[in-house]
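These are the residues of each chain, in order.
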Amino acid sequence: MTSPQPAPGLAGAARVPDHALRAGLVAGAAYTLVGWRALLVPSLILFVAPAFGQADAGMGAYYLATALAYGVGALFGGRFIRRFGARLALPSSAALMAAGLLIQGFTGTWIVFALAGVFTSIGASSTDVGIQALVLDLFPRARSRALNLLHVTYGVGALMAPLVLAALVALGVPWQWLMTGSGIAMAIGAYLNVQYPELD
């Protein structure tokens, strides 16, 4: 009698090297931050809008501009990765997102805040594309499962953002500090991504 064979996806997952699993965990953490960023400004809108004297029309224009920028980053992010490689492209896009968040946390001018939001969205979508491509390369025998788990981390970040931000604002933490802290976290993520040879 032959012993039962494991499902192909599980068999592939069992043979994943430890270094790939570690890189996958870092990628998942970075993807959580991408999900967090998606709801960062919407969660703080009651503080951001009056701080810059913006009504609904101004915030709506901001959301439209950042959504279009996200599409541009997704469109050209893959080409950037193919041309220059993930070693340069992924940390660069994460650093762009971090820089945009830091500027948004420090600036007191609406146009600067809005432009930083555009660059943050381009960096976020390029990071989105890059992380998904990296995960597909890290787990060639279990790609569907790996992508499913990766998108769970995005959802966790998007779910946590309004809950955690509301709690911190209720404790009296300035919204600018929350923007800046998010930028610092993304900068750390960009640094950690540089450390993995799987990007080559």
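A. View of the nonpolar core. Judged by nonpolar contacts, the single largest core of 39 residues is most densely connected at L44, F113, I131, V135 and M179. Among the secondary structure elements, those contributing two or more residues to this core are α2 (18–38), α3 (40–43), α4 (45–51), α5 (56–84), α6 (86–106), α7 (110–138), α8 (143–170) and α9 (175–194). Counting residues per element, this core draws most heavily on α7, which supplies eight residues.

B. Here's a closer look at the packing of α5 against α7. Their axes nearest at 7 Å, the elements α5 and α7 cross at an angle of 35 degrees. Between α5 and α7 lies a crossing of right-handed hand. The residue inventory of the contact of α5 with α7, partitioned by class, reads 14 nonpolar, ten polar and one charged.

C. Spatial organisation of a nonpolar patch on the surface. Residues L96, I103, I111, V112, L115 and F119 make up a contiguous nonpolar surface patch of roughly 500 Å² in combined accessible area. Of all the elements in the fold, those that place two or more residues in the nonpolar patch are α6 and α7.

D. Structural detail: α5. An ideal rise of 1.5 Å per residue puts 42 Å on 29 residues; α5 measures up with 40 Å between its terminal C-alpha atoms. Residue F76 marks the point of greatest curvature in α5, where the axis turns by about 35 degrees. Residues of α5 that are buried include every one of G58, M59, Y62, T66, A69, G73, G77, G78 and I81, and no others. One or two positions beyond α5, positive phi appears at G85, with a value near 90 degrees.

E. Spotlight on the packing of α7 against α8. Direction vectors running N to C along α7 and α8 enclose 145 degrees, while the axes themselves pass 9 Å from each other. In the crossing of α7 with α8, the sense of the turn from one axis to the other is right-handed. For the pair α7 and α8, the contacting residues are I131, Q132, V135 and L136 in the first and R143, A146, L147, L150 and H151 in the second.

F. Region of the structure containing the confidence of the model for the chain. Averaged over all residues, the pLDDT of the chain is 84; the fraction at 70 or higher stands at 85%. Throughout residues 1–14 the model reports pLDDT below 50, and contacts reaching past four residues in sequence, or to other chains, amount to eight contacts.

G. Structural context of the side chain of T127. With respect to the secondary-structure elements, T127 resides in helix α7. Apart from residues lying up to four places away in sequence, T127 is in contact with V34, L90, S93 and A94.

H. Quick peek at the environment of I122. As for its placement among the helices and strands, I122 is situated in helix α7. With relative accessibility at 23%, the residue I122 sits in the partly exposed group. When the C-alpha positions of I122 and L96 are compared, they lie 8.0 Å apart, and in sequence the two are 26 residues distant. Beyond its immediate chain neighbours, meaning those up to four positions away, I122 contacts A69, G73 and L96.

I. A look at the packing of aromatic side chains. Evaluated as defined, the whole model comprises nine aromatic pairs. Residues Y31 and Y154 carry aromatic rings whose centres are separated by 5.5 Å and whose planes lie at 55 degrees to one another, so their mutual orientation is tilted. Taken as a pair, Y31 in helix α2 and Y154 in helix α8 lie far apart in primary sequence, 123 residues in all. Y31 sits in the buried class, given a relative accessible area of 1%. Take Y154: its relative accessible area is 24%, and that puts it in the partly exposed class. For the pair W110 and F113, a centre-to-centre distance of 5.7 Å together with 20 degrees between the ring planes defines the contact as stacked. Taken together, the residues W110 and F113, both in helix α7 and three residues apart, mark about one turn of the helix. The same class applies to W110 and to F113, which are both buried.

Cut-off values and rules
Residues numbered from 1 in each chain as written. Predicted model: local features only at pLDDT ≥ 70, side-chain atom pairs only at ≥ 80, totals over all residues. Heavy atoms only, no water. Core = buried A, V, L, I, M, F, W, Y, C linked by side-chain atoms within 4.5 Å. Buried < 20%, exposed > 50% of the residue type's maximum accessible area, 1.4 Å probe, protein only. Helix = DSSP H or I, 4+ residues; strand = E, 2+ residues; numbered from the N terminus. Axes fitted to C-alpha atoms, helices over the stretch in contact; angles between N-to-C directions. Left-handed = near helix turned anticlockwise from the far one by under 90°. Nonpolar A, V, L, I, M, F, W, Y, C, P; charged D, E, K, R; others polar. Patch = residues over 30% accessible without salt bridge, like charges linked within 9 Å, V, L, I, M, F, W, Y side chains within 5 Å. Areas by Shrake-Rupley, 256 points an atom, 1.4 Å probe, with all protein chains shown as cover. Salt bridge = Lys/Arg side-chain N within 4 Å of Asp/Glu carboxyl O. Expected span 1.5 Å × (residues − 1). Bend = angle between axes of the 7 residues up to and from the residue. Contact = heavy atoms within 4.5 Å. pLDDT = per-residue confidence, 0-100. Phe/Tyr/Trp six-rings, centres within 6.5 Å; stacked < 30°, edge-to-face > 60°.

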